[in-house]
Protein chains: 2
Amino acid sequence: MRRDLDAREALAAILERTPVLGAETLALPAALGRVLAEPIVSGRRIPPADNSAMDGYAARAADLTGASETAPRELPVAFEIAAGGGAERPLRAGEAARILTGAPLPPGADVVVRQEDTQRRGDRVLIQVAPPVGEHVRHAGEDVQPGDAVLAAGRRIGPAEVGMLAALGRGFVAVRQQPRVAILSGGDELVEPDADVAGGRTVSSNSYSIAAQCREVGALPVYLGIARDAPDDIESRLRAGLAADVLVSSAGVSVGDRDYVRGVLTKLGCRLLFWGVKIKPGYPLAFGAFGDAAERGPLVFGLPGNPVSAMVTFEQFVRPALRKLTGHTRLHRPTLRVTLAETLRKREGRLHFVRVRLQRDGERVLARSTGNQGSGVLRSMTEAHALLVFPAEASELREGETVWVQLLDEEFLAADAPGF
Amino acid sequence: MRRDLDAREALAAILERTPVLGAETLALPAALGRVLAEPIVSGRRIPPADNSAMDGYAARAADLTGASETAPRELPVAFEIAAGGGAERPLRAGEAARILTGAPLPPGADVVVRQEDTQRRGDRVLIQVAPPVGEHVRHAGEDVQPGDAVLAAGRRIGPAEVGMLAALGRGFVAVRQQPRVAILSGGDELVEPDADVAGGRTVSSNSYSIAAQCREVGALPVYLGIARDAPDDIESRLRAGLAADVLVSSAGVSVGDRDYVRGVLTKLGCRLLFWGVKIKPGYPLAFGAFGDAAERGPLVFGLPGNPVSAMVTFEQFVRPALRKLTGHTRLHRPTLRVTLAETLRKREGRLHFVRVRLQRDGERVLARSTGNQGSGVLRSMTEAHALLVFPAEASELREGETVWVQLLDEEFLAADAPGF
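Each chain carries its own residue numbering, running from 1 in the direction its sequence is written. Both sets of labels track the order of writing: A upward for chains, 1 upward for ligands. A pLDDT threshold of at least 70 governs which residues receive local features in this predicted model, and a stricter bar of 80 or more applies before side-chain atom pairs are shown or counted, although totals over entire chains, interfaces and linings include all residues.

Participant: Can you walk me through the overall build of chain A in this structure?
Facilitator: Secondary structure elements are defined from DSSP: runs of H or I of at least 4 residues count as helices, runs of E of at least 2 residues count as strands, and each element is numbered from the N terminus. If you tally the helices and strands in chain A, you get seven helices and 29 strands. Only C-alpha atoms enter the radius of gyration; for comparison, a globular chain is expected to reach 2.2 Å times N to the power 0.38, where N is the number of residues. Over its C-alpha atoms chain A spans a radius of gyration of 31 Å, topping by over 25% the 22 Å that the globule rule assigns to 420 residues. If one aligns the C-alpha atoms of chain A with their principal axes, the spans along those axes are about 95 × 50 × 40 Å. In chain A, which comprises 420 residues, the share counted as buried stands at 52%. To sort residues by burial, count the other C-beta atoms lying within 10 Å of each one's C-beta; a count of 20 or more means buried, 12 or fewer means exposed, and anything in between means partly exposed. C-beta atoms are built from the backbone.

This is the structure:
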C-alpha cells in the first residue's frame, strides 16, 4: 500500500483502476442524461420527402414572377394535400394546390406560399408574393440522409439527442450503465436522522450527503446503514455491498483502534492501494479494489469521517471515477478563473481546498472564503459555490490575484436575465 | 390577444402570469434538487459537545509544553472514551485519556493528540508534540447553534443541504412542488417512434424532446399522445391535461385550416394572450392561460411545429416559466461572453437564435454556427452547445466580435483536468 500521495498521484491511481461500465438498453425517455454506448447511424431520410414548412399553397416559382400585394397572381386551386396524405397528381404549370404544414410537396411544385401572403377566392387563390424556388419547402433529407453517422458513441443524451433518436425510430437505445454505489456508515456514536441525539450522539449525515452527491452525478446509491463498531456487523453490511460497482465507507478507513473496516475489507479480499493524500481537508482517504482485471469487484473508497472532508474527497476522487464509469470522458467539475477578494495563507506542504463564495463583479467573478474552514463545519459547504485550489507549495494567495476554482454549485451560473 | 411581440415583451407577459407553486413535504433524499419552501432554523447544537476530531489522546495543553519527538512527555492513560460513550470522570492535571474520533472530550481536557504523534507504553503514553489549546477538538456548536437560521426558504437543495438537514434531524422537508407539464402532439402525419414511416409519415419527435427538456429542468412531463386533426380527439386529450400546471401543444396553435387546437382551447375556457413573437426560429408561438388569479388552470404554450423552433421556444419561454413555478429566482440559462469565429448576417427585424458550437481557445471561447440553420434541422441542435443571441435590430455580427450566448449544454463546461 502506498502512503502520503499528492492529489494528482491519488487521482491517477484511482482513474487507472476505474473501468467504463458495460452497456444496457433503455427505453428512449429513460436514456436522458446517459452516455450513448453505440454509434447511431440513420436508416432513414428526414424529412422523408420534400414537404411544406407552412400552411399555404404549393406552386411553381416560375408562375409567380413579379407577383406582389398590388399585382397579385391568380391561380386555380387544383387540389388539396393534407398533412397525413399525399398528392393526387402532379401540379401542372399555372396551378396552385392547397397544402398544410408537413404535407408532401406535389411533383411539379417547387415553392410554398404562406397563407398570410394569399387571398382565397372560391376555387382560386390570389398570390401576393414572388418567392424564390424552395421557399418554405423542407427538402427531403435536409436533416438526415440514410447512412449518416448521426450521433457518436460516448455522446451524452440531452433533449436534442432524445428528439433525434425518436425521429430515427429508435425507441430503445444502448447506453452506459449507471454505477451503483454502496455506502457504509459506521460508528457507535452515529444514528439515523429520525433518532434522538441526547447524550452526544450524531446523525450519520455523511451517508445522506454522499448519496445525494451520487445522485447528482447520475449514480445510484445503495445505503447499507450504520455499522456498529464490531467486525461482525461491519462484515455482514459490507457483504451486502459487494455487488455494487463502488463501495464508499464514510466511516473512515484509518489507523485507529476501532478501525475494523480495514480488517474486514482485507478479509473479504479487498486490496488497499493507498492511504493518505496530502490535501486539506481530507488527508485520511483510502482507496482499494476487489478482484483483478479479469474478475472485477467494487472499487473501495474509505472517506474521512468529518462531514466536509467526506464531501470534498468525494468531489475530488469519487466523482471523477463515477463519471468515468458512466462513460464520460471529461471527468471534472467546471473550473473558473476568479479574482481573490481577500488574502489567504496556509503552511506549505498540503494542497488546500478552500470553500469560497463567488460574486459577479462586472466581467470578473470575485471569490471570498466562507469563513471557518474547519472540516466539521458542514454549514460552510452549504454556503460555498466553489472550492478554491490553494496549491501545496504555496503559502499565500493575495487579494487581487487570479486563481482557479472548481465550481460545485452550477446554480451560480444561472442568469437573472435571458441575454436578449 | 396581442400579436407580434418582441422577445422581451413575450417573456414578461409569460412570467407575469406564472405563479410559484405551493409546497409539498418530501422525505429528505427525495428533496434533492428541489427548492426549499420553509426556512430551516436549527433546534440543535452541532456538534452537541466538544469532541475529538482524531483517534488519539485527550490531554491538557499545559502539561505538554515543550514536548517533542526527542523529548516526549510521558503521561498515565487514566481511562478510555469510546465514540458512542462519555467520560467516566474529569481528566486531572498530568493525565491523558485514550479517545476515539467523535467521542466527547472529558471535562478538564483541552486538546487531543493524534495517535500518530504518540507511543503507547502499557498503561502510559509518550506524547511527542506540544499542541496549542483546542488542537484536534471540534467545539460544541462550532457548526450550528440552536436558533440559527441555517437555510433560507428559496434555497436549492444540493448535497451539502441534504447533509445539513440530516444532521439537524430533518428527515422530511417542505419544498416547492414539481410542475406537471401536459404535452399534446397533433397532426395526421405524425406517428410514435415505433411506427412505420412509409408514405411520408413523421415521428412525433417534438413530444419526446419537449418531455426531455421538462425533465432536465425538474418538471414532470405527462404525454397526452398524438391528436388526430379532429376537434373531438383534440378535446378529449386536452381535457386529460387540464389538471397539469402547464399545457404544451407541440402541434402549433396557428392560423392554418386545420388548427382545431385553438378552437378547442377557447371552448374549454383558455384565453389566448398573445400569438407571434418576432424571433427566428419560433415566430408562431402562442401563449394563453386558463382561469384567473383566484382559480388557476394551466398555462398554455402553443409551440411551433418545426423541431428546432419547438426546442428553441421551449428554451426561451417555457423553461423560465417552469423555473419560476419550481421556486427558482434566477430563471435563465447561463450566459457566456464568447468571440465570434465567423461573420454572421441576417435581415433586421427579428431576433435570431443562432445554433453555435463553442470551442475553448486559451482564455477565450470561440463560437461558430453549426451550419444549416433551417428550423427543421434537428441535427444542428444536437451539435449546438449554445444559442447565440443575434439582436433584432442588427444585420451583421463580425468575426472577432464579442457576443453573448446562452449555454444549453452544461457538459461543455466539464473540465478535462481537475484544476490541481
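Participant: Looking at this model, I keep getting lost on the interface of chain A and chain B. Mind explaining?
Facilitator: By a widespread convention, an interface's size corresponds to the accessible area lost as its parts come together. Taken together, the contacts link 100 residues of chain A with 98 residues of chain B. Every element with two or more residues in the side of chain A that touches chain B is listed here: α1 (7–17), β12 (149–151), α2 (159–167), β16 (202–203), α3 (205–216), α6 (307–325), α7 (378–383) and β29 (402–407) of chain A. The dominant element in the side of chain A that touches chain B, judged by the number of residues it contributes, is α3(A), at nine residues. Any residue pair is listed as a contact if its two C-beta atoms, each placed from the backbone, are within 7 Å.

Participant: When you look at the relation of the copies chain A and chain B in this model, what are you seeing that I'm missing?
Facilitator: Mapping between the two chain copies consists of a rotation about an axis together with a translation along that axis. Turning chain A through 180° and shifting it by 0.0 Å along the axis lays it on chain B, with an RMSD of 0.1 Å. In symmetry terms, the pair is related by a two-fold rotation axis. Considering only C-alpha atoms, the residue of chain A closest to the rotation axis is A:E410, which sits at 4.4 Å. Looking at chain A, 98% of its interface residues are interface residues in chain B too, so the copies touch through the same face. Residues reaching a pLDDT of at least 70 in both copies supply the C-alpha atoms on which the copies are superposed by least squares.

Participant: Which parts of the structure should I look at to understand the pairing of strand β9 (residues 118–121) of chain A?
Facilitator: The two faces of the sheet receive side chains in turn, since in a regular strand these alternate between them. Residue and element names in this part refer to chain A. Bridging between β9 and strand β10 (residues 124–127) involves four bridges; their strand directions are antiparallel. Its bridge partner lying in β10, Q119 is registered against L126. We treat two strands as partners when DSSP finds at least two bridges between them. Linking β9 to β10, which pair antiparallel, is a turn of two residues; within it G122 sits at a positive phi near 65°.

Participant: Sorry if this is basic, but what is going on with the sheet that holds strand β6 (residues 73–81) of chain A here?
Facilitator: Each strand in a sheet pairs with its neighbour through backbone hydrogen bonds, running either in the same direction (parallel) or in the opposite one (antiparallel). Residues and elements named next belong to chain A. Read from one edge to the other, the open sheet built from six strands follows the order β8-β5-β7-β6-β10-β9, with strand pairing classed as mixed. Bordering the open sheet on either side are β8 (111–114) and β9, each of which pairs with just one other strand. In this sheet, neighbouring strand axes are inclined to one another by 40° on average, regardless of whether the strands run parallel or antiparallel. Angles run from 0 to 180 degrees between N-to-C directions of axes, and those axes are lines fitted to C-alpha atoms, restricted for helices to the stretch in contact.

Participant: What exactly am I supposed to notice about helix α3 (residues 205–216) of chain B here?
Facilitator: Side chains of residues three or four places apart in an α-helix project in the same direction, reflecting 3.6 residues per turn. All names here are of chain B. With twelve residues, α3 extends 17 Å between its outermost C-alpha atoms, agreeing within 8% with the 16 Å of an ideal straight helix rising 1.5 Å per residue. Among the twelve residues that make up α3, ten are buried, leaving the element largely enclosed by the rest of the structure. If you check which residues of α3 are buried, you get S205, N206, S207, Y208, S209, I210, A211, A212, Q213 and C214. How far a helix is expected to stretch is found by multiplying one less than its residue total by 1.5 Å.

Participant: Which parts of the structure should I look at to understand the domain arrangement of chain A?
Facilitator: Domain annotation of chain A identifies domain 1 (2–22 + 179–325), domain 2 (26–43 + 144–176), domain 3 (51–138) and domain 4 (335–413). On a C-alpha basis, the centres of domain 2 of chain A and domain 3 of chain A stand 36 Å from each other. An automatic or database domain assignment provides the domain bounds reported here.

Participant: Any chance you could explain the confidence of the model for chain A here in plain terms?
Facilitator: Regions with low pLDDT carry predicted coordinates that are not meant to be interpreted in detail. Residue-level confidence of the predictor, termed pLDDT, takes values from 0 up to 100. Of all residues in chain A, 97% have pLDDT values of 70 or greater, and the mean over the chain is 93. Prediction confidence for the complex, expressed as pTM and ipTM, is 0.94 and 0.93 respectively.

Participant: So what exactly am I meant to see when it comes to the pairing of strand β5 (residues 56–59) of chain B here?
Facilitator: All names here are of chain B. With three bridges joining them, β5 and strand β7 (residues 96–99) adopt antiparallel strand pairing. Pairing of A58 across the sheet is with A97, part of β7. Inspection of the sheet shows β5 paired to strand β8 (residues 111–114) by four bridges, in the antiparallel sense. The residue of β8 that forms the bridge with A58 is V112.

Participant: For this particular structure, what's the right way to read the sheet that holds strand β10 (residues 124–127) of chain B?
Facilitator: All names here are of chain B. If you trace the six strands from one edge of the open sheet to the other, you get β8-β5-β7-β6-β10-β9, paired in mixed fashion. Strands at the two margins of the open sheet, each flanked by one partner only, are β8 and β9 (118–121). Along the sheet, successive strands turn relative to each other by an average axial angle of 40°, direction set aside. Taken together, the four bridges between strand β6 (residues 73–81) and β7 define a ladder with parallel strand orientation. Paired with E80 across the strands is R98, a residue of β7.

Participant: Would you take a moment to explain helix α4 (residues 231–240) of chain A for this structure?
Facilitator: Residue and element names in this part refer to chain A. All of the buried residues in α4 are I234, R237 and L238. The arc that holds every buried residue of α4, seen down its axis, measures 100°, which confines them to one face. The outward face of α4, more than 90 degrees from its buried face, is lined by the exposed residues D232, S236 and R239. On its buried face, α4 is in contact with β14 (180–186), β17 (220–227) and α5 (260–268). The directions from the helix axis to the C-beta atoms form the arc being described.

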